[in-house]
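# Architecture at a glance
Residues per chain are reported as follows:
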Amino acid sequence: MNAPKLADALRESRILHDRAAIDAAIARIAGELRAVYAISDATDSRPPLLLTVMNGGMLFASNLALQAGVDFEFDYLHATRYRGRTSGEQLVWLHRPQVSLKGRRVLVVDDILDEGNTLVGITQWCRDQAAAEVRVAVLCRKRHGRSVPCARADHIGLEVPDAYVYGYGMDFHEQGRSLPAIHAWEPKR
């Protein structure tokens, strides 16, 4: 089955958050991170490690790091349950960070907290690697009652409804990640 075209989806979508709202949310989280990381950890002189969850977290992580003004060390990971679909079960690792997490303060940055299975798997893996601290920042949190009990984010930019959302890193069938706003697809039935 062919994926719907982005142009068709845009005609059946509404903008949830425009670029100004996204920028304001990122600025707010950047301020939170400045406060969190201003307190140096006496046990580790290394900078905090920012791990971007690819591909969706790339735009958010880049802009967040620039605005936070924190001397992060950067690496990334690519773990997914979806693999081009809208649902999935088992976490599949496509790339693990190359930097050791042992004893590090780690900030995981992702596009969205939906049900939370992926983020729970990622944060548990970071803890298993002996990270000293694991914090999570997400651009969006989806409002619904299906989240796994231990799914959480320390820094949340925007709330979105329980709908298919895309733009600003989030994809619509691997399309539309570079859209400057967050859209909700509301197909006509």
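Look a little higher up for the structure.
Quick caveat, the model's predicted, so the values are computed rather than measured.

Conventions used here
- Think of each chain on its own: its residues are numbered from 1, step by step along the sequence as written.
- Owing to the predicted nature of the model, reporting of local features is limited to residues with pLDDT of at least 70; listing and counting of side-chain atom pairs is limited to 80 or more, with chain, interface and lining totals taken over all residues.
- As a rule here, side-chain values come from all non-hydrogen atoms in the structure, and water together with hydrogens is ignored.
- Centre distance within 6.5 Å is the pairing criterion for rings of Phe, Tyr and Trp, where only the six-membered ring of Trp is used; planes under 30 degrees apart are then read as stacked, over 60 as edge-to-face, and the remainder as tilted.
- The helix count covers DSSP runs of H or I at least four residues long, the strand count covers runs of E at least two residues long, and both are numbered beginning at the N terminus.
- Three labels apply to residues, based on accessible area from a 1.4 Å probe with only protein chains included: buried if under 20% of the type maximum, exposed if over 50%, partly exposed otherwise in between.
- As used in this structure description, the phrase polar contact means that two N or O atoms lie within 3.5 Å; if the pair is within protein, one of them must be able to donate a hydrogen and the other to accept it, and residues adjacent in sequence are counted only when both atoms belong to side chains.
- We call two residues contacting when some pair of their heavy atoms lies within 4.5 Å.
- Counted as salt bridges are all cases of a side-chain nitrogen of Lys or Arg within 4 Å of a carboxyl oxygen of Asp or Glu.
- Each axis is a line fitted through C-alpha atoms, and for a helix only the stretch in contact is used; angles between axes span 0 to 180 degrees, taken between their N-to-C directions.
- To sort the angles, those under 35 degrees are grouped as roughly parallel, those over 145 as roughly antiparallel, those from 65 to 115 as roughly perpendicular, and the leftovers as oblique.
- For any helix crossing, the convention is left-handed if the near helix is rotated counterclockwise from the far helix by under a right angle, and right-handed if that rotation is clockwise.
- For this classification, the nonpolar set comprises Ala, Val, Leu, Ile, Met, Phe, Trp, Tyr, Cys and Pro, the charged set comprises Asp, Glu, Lys and Arg, and every other residue, Gly included, is treated as polar.
- Pairing between strands requires that DSSP locate at least two bridges from one strand to the other.
- Helix span, as expected, comes to 1.5 Å for every residue beyond the first.

It is worth spelling out the packing of aromatic side chains at this point. One pass over the full model with this rule turns up six aromatic pairs. For the ring pair Y164 and W185, a centre distance of 5.8 Å and an interplane angle of 90 degrees mean the geometry is edge-to-face. Taken as a pair, Y164 in strand β8 (residues 164-166) and W185 in strand β9 (residues 182-185) lie far apart in primary sequence, 21 residues in all. A relative accessible area of 22% means that Y164 is categorised as partly exposed. Aromatic pair Y166 and F172: ring centres 5.2 Å apart, planes at 50 degrees, arrangement tilted. A relative accessible area of 0% places Y166 in the buried class.

Moving on, we come to the side chain of T123. Within the secondary structure layout, T123 lies in helix α4 (residues 117-128). For T123, a relative accessible area of 10% gives the class buried. In this structure the side chain of T123 is engaged in a polar contact, spanning 3.2 Å, whose partner is the backbone oxygen of V120. Residues in contact with T123, not counting those within four places in the same chain, are V134 and V136.

Further remarks concern the pattern of salt bridges. A full pass over the atoms with the stated rule returns 13 salt bridges. Across the pair R104 and E73 runs a salt bridge whose closest N-O atoms are separated by 2.9 Å. Of this pair, R104 sits in the loop between β4 (92-95) and β5 (105-113) while E73 is found in strand β3 (residues 73-80), placing the two residues 31 residues apart along the sequence. Between E133 and R105 there is a salt bridge, with the nearest N and O atoms lying 3.4 Å from each other. Placement of E133 in strand β6 (residues 133-142) and of R105 in strand β5 is noted, with a sequence separation of 28 residues between them. The exposure class of R105 is buried, given its relative accessible area of 13%. Here the residues in one salt-bridge network are E115, R146 and D162, joined through shared partners.

The next thing to look at is the packing of helix α2 (residues 19-38) against helix α3 (residues 58-68). The interhelical angle for the contact between α2 and α3, taken along N-to-C directions, is 55 degrees, at an axis separation of 8 Å. The angle between the axes of α2 and α3 places the two elements in the oblique class. The two elements α2 and α3 cross, and the hand of that crossing is right-handed. Every residue of α3 that contacts α2 at R19, D23, I26, A27, I29, A30, L33 and R34 is listed here: F60, N63, L64, Q67 and A68. When the residues that make up the contact of α2 with α3 are grouped by side-chain class, the tally is eight nonpolar, two polar and three charged.

Time to look at the sheet that holds β8. Judged by pairing direction, the sheet is antiparallel, and its three strands sit side by side in the order β1-β9-β8 without closing on themselves. Strands at the two margins of the open sheet, each flanked by one partner only, are β1 (13-17) and β8. Strand after strand, the sheet turns through a mean of 35 degrees between neighbouring axes, direction not considered.

Moving on to the environment of L51. Structurally, L51 can be placed in strand β2 (residues 49-53). With 78 residues separating them in the primary sequence, L51 and Q129 have C-alpha atoms 13 Å apart. Each residue touching L51, except ones within four places of it in the same chain, is listed here: D75, Y76, L77, P97, L101, V106, L107, V108, V109 and C126.

With that settled, consider α4. Because each turn of an α-helix spans 3.6 residues, side chains separated by three or four positions in sequence point in the same direction. For α4, spanning 12 residues, the distance from its first C-alpha to its last is 16 Å, which sits close to the expected 16 Å at 1.5 Å a residue. Buried positions along α4 lie against β2, β3, β4, β5 and β6. Two residues or fewer past α4, A130 is found with a positive phi of approximately 70 degrees.

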